[in-house]
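Take a look at the letters that make up each chain.
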Amino acid sequence: MPPLFRRAADRLIDAAPGWLVETVRPAPAALQWWPMLRMAVAVTVPLLGGAAAGHVTAGLLPAMGAMNAGMANRGGPYRARIIRMSAAGAAGALGYLIGAAVRDHGWWVVPVMVAVSVLSALVSTGGGTGSTAGLQLLVMTVIASGIALPGPPGLNALTFLLGVLWVIALGVADWPIHPRAPEETAVAEVYRALGRLITDHGADALAAFDTALRNAYDTVLGARSPAVGLDPERTRLVALLNQASLIRNALLSLCQEGREPQQEPASAVEGVAGWLTGGPVPRAVRHEGDSPAVRAFSSAVQGAVDLASGGDVAADLLPYEPVGYRSRFRAVLEKMWYGHLVRVYTVRLALCMGVAAAVSRLGWFDRSYWMMLTVALVLKPDFGSVFARAVQRALGTVAGTLIGTLILLLVPYGPLLLIPIAVCAALLPYGMQRNWGLMSTFQAPLVLFLVDLLTRGGPELGRIRIVDTLVGCVIVLLLGYLPWPGSWEAPVGPRFADAVSATANYLRYAFDPEHPGRALLLRRVYDALADLRTVFQRAMTEPPAISRRVTTWMPAMTALERVADATAATVARTGRGAPPPSRAAVQTLADFLEGIAGDVRAGRRPGDPGACTDETLERVDSAVRSLRDTVAGEHSG
């Protein structure tokens, strides 16, 4: 950014309220050229095909199918990508058929839109794939109900699916050459983050490693085949992730002893990362050491080297639970019918979509489907911050529409519009990485150009788009946010209590070498802590009335992370020569931790844990006492 613009941006940031800056602040992200190029090719090639045939509008629906399915491609294993993109495409095609069927039936659009909103909300309970499919079902229903495209609806839905197939082919083009590239890349990133943690023991490096580890588990386990039998290569990758967790804990135990990691094991960690990306097999590591922590660290690193060298995977239970399709389906159904958040979200979405559809029937707005689209996108089925999404959507759409209007003033109607279309499409994946507002900044002009290709509306489309978007955001804030008590409460406390319970359950069995599920229990602790951080970060984007209350949880969250880390580090030391703690002392601490969780849920002040005389648990006991003092001081009563 030029210095002049940077100074102007800094002045705007200084003048804006802190909560607004936090709400619109983009997350840091690097440019990923291949996803950007893939999206540009996916959207523009159908349009180029239509232009070559003499009717550029013939490529609109395939381009829309490619864009919608392409936005569902969030990386990960190829199998998961195909399922996610296929679900989004099929739901979008179904939505198009529903919207086209009610387009010319006047007020019937309102009850149909409400019914589709309910179905979308229920489908969205099926994890990330369901959320994407539910959103595309609603979005394409809105678009088809507001835009008349030439040709029969059935044929148009098929052309939409052609665009979906086209982007799926692009998304898995390198599958035959590198069938496990996403999984191997995710595991390599874990070991690179581990290498950075070895040189920098700070909290940021530790958090970055934990995030990379969780993402890698999701990627590798998400690629597991449902077929009976083990996949040896994928099992090895899971074992490498398990070993990385052991190395992390051994590093923490080194910090407990005030020691620095030895150079040879540290280099071996980098060697494992290099091997995962095509480099040579790392060298073996010596096990000599004069302390339990040094031996634990060397042994954990050697375990990773052995796995990279083709050694046998240990028979210990790996940290995952195999769940069949029937169990997953049953869990989704239970969430649909008995989940309080699902019911609340369903009512909010149906109410806002019904009102937006009714307003669109009054004829006050030229292209009122944009208003309904805004409602659908701001109330996206992921239980994120509605307030933040509304603000980001409004600001991003205004900025993007102004850019698009300027381009429409400068670029004449016709094939030349494909150039800004390609640029905006390429920037979509980058915007999605940063935040919802930046994604809207790139999506708004792209949609503007596509609509202009169909209607030749010109720059006037920009004014219409801004008005409809702002009205949609107002509907969401007035009907989908302000009246609901849950909007004014951030569920940080309940998630904190859940994380404390998970830590207590791990501590209860952490020092029992015969317990087969220790690795799984530890993963549940870090998953619960990651969920807690996510809820906390979302709550920080809410207005000051909410975010100020939420900030008081930060010391308690830090204290809880120290309890988990102290426990894992102590386990690493006891596994390599340090005396194990007594079972009674472990149970006492675990019971007290569980009591803290109950006190947080009930709003009580935690009591005194009493004295712990076991020297092995000294650091764990100190961390638990610090947690108790923090919770008692900040959240008593």
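Residues numbered from 1 in each chain as written. Predicted model: local features only at pLDDT ≥ 70, side-chain atom pairs only at ≥ 80, totals over all residues. Heavy atoms only, no water.

Lay out the overall build of the protein with the relevant residues and their values.
From N to C terminus, the protein includes 26 helices and zero strands. In the protein, which comprises 637 residues, the proportion classed as buried is 52%. Sequence separation of at least 24 residues holds for 78% of the intrachain contacts in the protein that already meet a minimum separation of 6. If you sum the accessible surface of the protein, you get close to 28,200 Å²; carbon and sulfur atoms cover 62% of it. (Helix = DSSP H or I, 4+ residues; strand = E, 2+ residues; numbered from the N terminus. Buried < 20%, exposed > 50% of the residue type's maximum accessible area, 1.4 Å probe, protein only. Contact = heavy atoms within 4.5 Å. Areas by Shrake-Rupley, 256 points an atom, 1.4 Å probe, with all protein chains shown as cover.)

I'd like a description of the pattern of salt bridges, backed by residues and values.
Throughout the structure, instances matching the rule amount to 11 salt bridges. Close ionic contact of D565 with R248 constitutes a salt bridge, the shortest N to O distance being 2.7 Å. Here D565, found in helix α24 (residues 554-574), pairs with R248, found in helix α11 (residues 232-256); they are 317 residues apart in sequence, far enough to count as distant. Measuring nitrogen to oxygen at the nearest pair gives 3.0 Å for the salt bridge that ties R628 to D629. Classification of R628 by relative accessible area gives buried; the value is 17%. The partly exposed category is assigned to D629, whose relative accessible area is 45%. One continuous salt-bridge network, built from bridges that share partners, spans E189, R192 and R196. (Salt bridge = Lys/Arg side-chain N within 4 Å of Asp/Glu carboxyl O.)

Break down the environment of L362 for me, citing the residues and quoting the values.
Topologically, L362 is positioned in the loop between α15 (340-361) and α16 (369-378). Owing to a relative accessible area of 41%, L362 belongs among the partly exposed residues under this scheme. Along the chain, L362 and W107 lie 255 residues apart, while their C-alpha atoms are 9.6 Å from each other.

I'd like a rundown of the nonpolar core, residues and numbers included.
Core analysis: the biggest nonpolar cluster contains 85 residues, and M353, W370 and I421 have the highest contact counts within it. Each residue touching M353, except ones within four places of it in the same chain, is listed here: M113, S117, L138, V142, M372, V375 and A376. Core analysis: the next-biggest nonpolar cluster, separate from the first, contains 47 residues, Y526, F536, A559 and A566 among them. (Core = buried A, V, L, I, M, F, W, Y, C linked by side-chain atoms within 4.5 Å.)

Could you give an account of the side chain of N68, with specific residues and numbers?
Examined against the element boundaries, N68 turns out to sit in helix α4 (residues 60-71). Since its relative accessible area comes to 8%, N68 is described here as buried. Within the structure, N68 has its side chain in polar contact with the side chain of Q136 (distance 3.1 Å). Sequence-distant contacts of N68, defined by excluding residues within four places in its chain, comprise Q136, M140 and F160. (Polar contact = N/O pair within 3.5 Å; in protein donor to acceptor, adjacent residues only side chain to side chain.)

Outline the confidence of the model for the protein, supporting the account with residue identities and numerical values.
With 79% of its residues at a pLDDT of 70 or more, the protein has an overall mean of 76. Of all the helices and strands in the protein, helix α1 (residues 3-15) carries the lowest mean pLDDT, 43, while helix α8 (residues 153-171) carries the highest, 88. Counting contacts from residues 1-17, a segment whose pLDDT is below 50, to residues more than four positions away or on other chains yields four contacts. (pLDDT = per-residue confidence, 0-100.)

Explain helix α3 (residues 33-52) residue by residue, including any values.
With 20 residues, α3 extends 27 Å between its outermost C-alpha atoms, agreeing within 8% with the 28 Å of an ideal straight helix rising 1.5 Å per residue. The axis of α3 is deflected most strongly, by about 25°, at T44, and proline P46 appears within four residues downstream. (Expected span 1.5 Å × (residues − 1). Bend = angle between axes of the 7 residues up to and from the residue.)

Give a description of the packing of α3 against α4 that names residues and reports values.
Between α3 and α4, the least distance of the axes is 7 Å, while the angle of their chain directions is 165°. Accordingly, the angle class assigned to the pair α3 and α4 is roughly antiparallel. The way α3 lies across α4 gives a crossing that is right-handed. Between α3 and α4, the residues in contact are M39, A42, V43, P46 and L47 and L60, P62, A63, A66, M67, G70 and M71, respectively. For the contact of α3 with α4, a count of residues per class yields 11 nonpolar, one polar and no charged. (Axes fitted to C-alpha atoms, helices over the stretch in contact; angles between N-to-C directions. Parallel < 35°, antiparallel > 145°, perpendicular 65-115°, else oblique. Left-handed = near helix turned anticlockwise from the far one by under 90°. Nonpolar A, V, L, I, M, F, W, Y, C, P; charged D, E, K, R; others polar.)

Any chance you could break down helix α13 (residues 292-308) for me, citing the residues and the numbers?
End to end, α13 covers 24 Å across 17 residues, agreeing with the expected 24 Å (1.5 Å per residue, within 8%). Buried residues dominate α13, accounting for 15 of its 17 residues.

With reference to specific residues and values, describe the environment of V344.
Take V344: it is sitting in helix α15. Judged by relative accessible area, V344 falls into the partly exposed class, the value being 21%. For V344 and A121, which are 223 residues apart along the polypeptide, the C-alpha to C-alpha distance reads 9.9 Å.

Mind laying out the packing of helix α9 (residues 181-199) against helix α12 (residues 263-276), listing which residues take part and the relevant values?
One way to put it is that α9 packs onto α12 with a least axis distance of 8 Å and a crossing angle of 160°. What the angle tells us is that α9 and α12 run roughly antiparallel. Considering the relative orientation of α9 and α12, their crossing is left-handed. Mapping the contact onto sequence places E184, V187, A188, Y191, R192, L194, G195 and I198 in α9 and A266, V269, E270, V272, A273 and L276 in α12. A breakdown of the residues in the contact of α9 with α12 according to their chemical character gives 10 nonpolar, one polar and three charged.

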